[in-house]
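Architecture and fold: a report
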Amino acid sequence: MSEQITEQDINQENHLLIGGADATQLAQQFGTPLVAYDVSKIRSQIKAFKRVFEEKQVPYAVSYASKAFSAIGMYEVVAQEGGHTDVVSGGELYTALQANFPVEDISFNGNNKSYDELVMAIDAGIGAIIVDNFHEIDLIEQILSTRSTSVNVLLRITPGISAHTHEFISTGQEDSKFGFDLKSGQARVAFERVMKNSKINMRGVHAHIGSQIFDVHGFVAAAEKLVDIVADWRESFGYEVEVINVGGGFGIRYTKDDTPIPAESFVAAIIDAVKAKTEALNMKMPEIWIEPGRSVVGPAGYSLYTIGSRKDIPGINAYLAVDGGMGDNIRPALYQAEYEALLASNVNAKSEEVVRIAGKYCESGDILVWQQALPQTKPGDVIAILATGAYGYAMASNYNRNPKPAVVFVEDGQAKLVIARESYDDLVHLDRHYV
Ligand SMILES: Cc1ncc(COP(=O)(O)O)c(C=O)c1O
Ligand SMILES: N[C@@H](CCCC[NH3+])C(=O)O
């Protein structure tokens, strides 16, 4: 049995429970592929982050990075828990606003925000824009010049720290497309420009060093670097920083080979580092903002699939094909990401064979799990892949014109649809006849 599963996750019939509901019944009721979230896990992770700040008596924002999973229902849960949220597109912002998410608790990241996206954010009264580059400053100034409003900003800095993670999801090293470069002095130039504009309220600095990081040192180094930068600006310009935002990136467990520390422990180390450094420099303790995405929704999400065909290549491999794949979870194909799967109807059964769990897409690389020990299965059985809640549905596509799955939130045994399954009609909805 997967170490991610405890006795509480299994019912008397030996079926997997998700949020207290029988996974096989969820599959029956809502169909597969299905993404099911145990909402209590989402809530308790946000609470755990908040608790660290409160125990250490540091002003904070736990700003859920909604790129990991954006949906109206998700923003509602985050708001209920007193979290803030970060968006990276007009679409995410629109969804958050549709959820009535408090706009002053929304921040906006991204390396190429369009004029229209910035107008939307500014006119909605966004909490903060995390400014990435000089072009963006031009656009913000242009927009504000025709308005009487002002806007809060943080400057995103590339701290020159390369976190130990997959190359495509590491963002803090010098050669990154994100943020103002430190070494060449870009960050300081950006700061001076922003300070000159009375409608731009320079609240602080931001860095995000990457994702799925297990080592706390990169975060501590980045946090200390941010304090050094603002200490320098205080020295030169008398600037007092209000916010230090250290981004997200706290690693989670996907398989037994992953042994992360609890996500909130990263935060404790970051707070201690900022406290020590600001005290040493005789600075006021700023607010600390974090932007966790994966750690909030990853472990809470399960992908349920129905097994269909099987291909045995004697002496080489057995492929079990399921009714989803890279269209609802591109991470294995994109990052060689690994997951664990289990048979939802017999969680504790003894493993009898090692199989590859293949998707249904027309790509040889569409393999969801490369090696999984499972009991004997048959067509119609339901497989659950664990910890798929982050960047799974969020990165879903309609490749091969497969409809996107449904998403349900489950809590206290009750399941509620938060994103309906796409229909074939939805798929052709935007098509126009040519002939
Ligand atoms: C700016 C920013 N903040 C937060 C996150 C969330 O990261 P994670 O999901 O790894 O916590 C990301 C994505 O890596 C990001 O780019
Ligand atoms: N999509 C990536 C993480 C991207 C992080 C975005 N800043 C993943 O699945 O791991």
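Residues numbered from 1 in each chain as written. Chains lettered and ligands numbered in written order. Predicted model: local features only at pLDDT ≥ 70, side-chain atom pairs only at ≥ 80, totals over all residues.

Turning next to the site of ligand 1. Contacts to ligand 1 come from 17 residues, most closely from Ala-65, Ser-211, Gly-248, Gly-293 and Arg-294. Partitioning the shell around ligand 1 into residue classes produces 5 nonpolar, 9 polar and 3 charged. (Near = placed C-beta within 6 Å. Nonpolar A, V, L, I, M, F, W, Y, C, P; charged D, E, K, R; others polar.)

Here we take up the packing of helix H8 (residues 216–237) against helix H9 (residues 263–280). The interhelical angle for the contact between H8 and H9, taken along N-to-C directions, is 30 degrees, at an axis separation of 9 Å. Here H8 lies roughly parallel to H9, going by the angle between them. Of the two possible hands of crossing, H8 and H9 adopt the one that is right-handed. Mapping the contact onto sequence places Val-216, Phe-219, Val-220, Ala-223, Glu-224 and Val-227 in H8 and Phe-266, Ala-269, Ile-270, Ala-273, Val-274, Lys-277 and Thr-278 in H9. (Axes fitted to C-alpha atoms, helices over the stretch in contact; angles between N-to-C directions. Helix = DSSP H or I, 4+ residues; strand = E, 2+ residues; numbered from the N terminus. Parallel < 35°, antiparallel > 145°, perpendicular 65-115°, else oblique. Left-handed = near helix turned anticlockwise from the far one by under 90°. Contact = placed C-beta atoms within 7 Å.)

Moving on to the pairing of strand E10 (residues 200–206). In regular strands, side chains alternate between the two faces of the sheet. Counting buried positions along E10 yields 6 of 7 residues, so the element is predominantly enclosed. Relative to strand E11 (residues 243–245), E10 runs parallel, the two being bridged by 3 bridges. Counterpart to Val-205 in the pairing with E11 is Ile-244. (Buried ≥ 20, exposed ≤ 12 C-beta atoms within 10 Å, placed from the backbone. Pairing = 2+ DSSP bridges.)

Our focus in this paragraph is the UniProt feature "active site" (unreviewed entry) in the protein. In the numbering used here, UniProt assigns the "active site" (unreviewed entry) feature to Cys-362. Mapped onto the elements, Cys-362 comes out in the loop between strand E16 (353–358) and strand E17 (367–374). Overall, the presence of 10 C-beta atoms within 10 Å leaves Cys-362 in the exposed class. (UniProt positions renumbered as here; feature names shortened; annotations may be inferred.)

Turning our eyes to something else, we now look at the environment of Glu-92. Secondary-structure assignment places Glu-92 in helix H4 (residues 90–98). For Glu-92, the contacting residues outside a window of four places in its chain are Ser-66, Lys-67, Ser-70 and Val-87.

On to the environment of Gly-389. The residue Gly-389 is located in the loop between strand E18 (382–386) and strand E19 (406–411) in this model. Accessibility expressed as a C-beta count within 10 Å gives 29 for Gly-389, which makes it buried. Sequence separation between Gly-389 and Ile-137 is 252 residues, and the spatial gap between their C-alpha atoms is 34 Å. Aside from chain neighbours lying at most four places away, what touches Gly-389 is Tyr-37, Phe-69, Val-297, Gly-298, Pro-299, Ala-300 and Gly-301.

Moving on: the domain arrangement of the protein. Accessible area lost when the parts come together is the quantity often used to give the size of an interface. Assigned domains within the protein: domain 1 (7–38 + 298–421) and domain 2 (110–290). Between domain 1 and domain 2, the contact holds 8 residues from the first and 7 residues from the second. Here the side of domain 1 that touches domain 2 is built from residues that sort into 5 nonpolar, 1 polar and 2 charged. (Domains from an automatic or database assignment.)

Per the UniProt entry, the sites bearing "binding site: pyridoxal 5'-phosphate" (unreviewed entry) are Gly-249, Glu-291, Pro-292, Gly-293, Arg-294 and Tyr-391 in this numbering. For Glu-291, the position within the fold is in the loop between strand E12 (287–290) and helix H10 (294–297). Non-local contacts of Glu-291, meaning those with residues more than four positions away in its chain, are made with Ser-63, Ala-65, Asp-86, His-208, Asn-245, Gly-247 and Gly-248. With respect to the helices, strands and loops of the structure, Gly-293 is situated in the loop between E12 and H10. Residues contacting Gly-293, with those up to four places away along its chain left out, are Tyr-64, Ala-65, Lys-67, Ala-68, Gly-248 and Ala-390.

Helix length check: H9, at 18 residues, gives a terminal C-alpha distance of 27 Å against a target of 26 Å (1.5 Å per residue), a fit within 8%. For H9, every residue scored as buried is listed here: Ala-263, Glu-264, Phe-266, Val-267, Ile-270, Ile-271, Ala-273 and Val-274. Those residues of H9 that are buried are in contact with helix H2 (39–55), H8, E11, E12 and H10. Once H9 ends, the next one or two residues include Asn-282, with phi positive near 60 degrees. (Expected span 1.5 Å × (residues − 1).)

Right, let's talk about unusual backbone geometry for a bit. Omega for the peptide link from Thr-32 to Pro-33 comes to -10 degrees, which places this bond in the cis form. The topology assignment puts Pro-33 in the loop between helix H1 (23–30) and strand E3 (34–38). With a phi angle near 60 degrees, Tyr-391 is a residue other than glycine that sits in the positive phi range. Considering the arrangement of structural elements, one finds Tyr-391 in the loop between E18 and E19.

Moving on: the pairing of strand E7 (residues 128–131). Residues of E7 alternate between two faces, with Ala-128 and Ile-130 on one and Ile-129 and Val-131 on the opposite face, all of them buried. Relative to E7, strand E6 (residues 106–108) runs parallel, the two being bridged by 2 bridges. Note on E7: the bridge partner recorded for Phe-108 is Ile-129. Running through helix H5 (residues 115–124), the crossover from E6 to the neighbouring parallel element E7 is right-handed. Sheet topology places E7 next to strand E8 (residues 151–158); 3 bridges connect them, and they run parallel. Each bridged residue has a counterpart across the sheet, and for Ile-130 the counterpart in E8 is Leu-154. (Right-handed = clockwise from strand over helix to strand, strands pointing away.)

Before going further, it helps to spend a moment on the nonpolar core. Counting 127 residues, the largest nonpolar core has Leu-26, Ala-223, Ile-270, Leu-304, Ile-383 and Ala-384 as its most contacted members. Per element, the largest residue contribution to this core is 9 residues, and it comes from H8. Looking at this core, you find at least three residues from each of domain 1 (7–38 + 298–421) and domain 2 (110–290). When sequence neighbours within four positions are dropped, the list of residues in contact with Ala-223 reads Ile-244, Val-246, Ile-270, Ala-273 and Val-274. (Core = buried A, V, L, I, M, F, W, Y, C linked by C-beta atoms within 7 Å.)

Contact geometry for H2 and H9: axes closest at 9 Å, N-to-C directions at 20 degrees. Compared by their axis directions, H2 and H9 come out roughly parallel. Our pair here, H2 against H9, has a crossing hand that is right-handed. Counting all contacts with H2, which are made through Gln-45, Ala-48, Phe-49, Val-52 and Phe-53, the residues of H9 involved are Ala-263, Glu-264, Val-267, Ala-268 and Ile-271.

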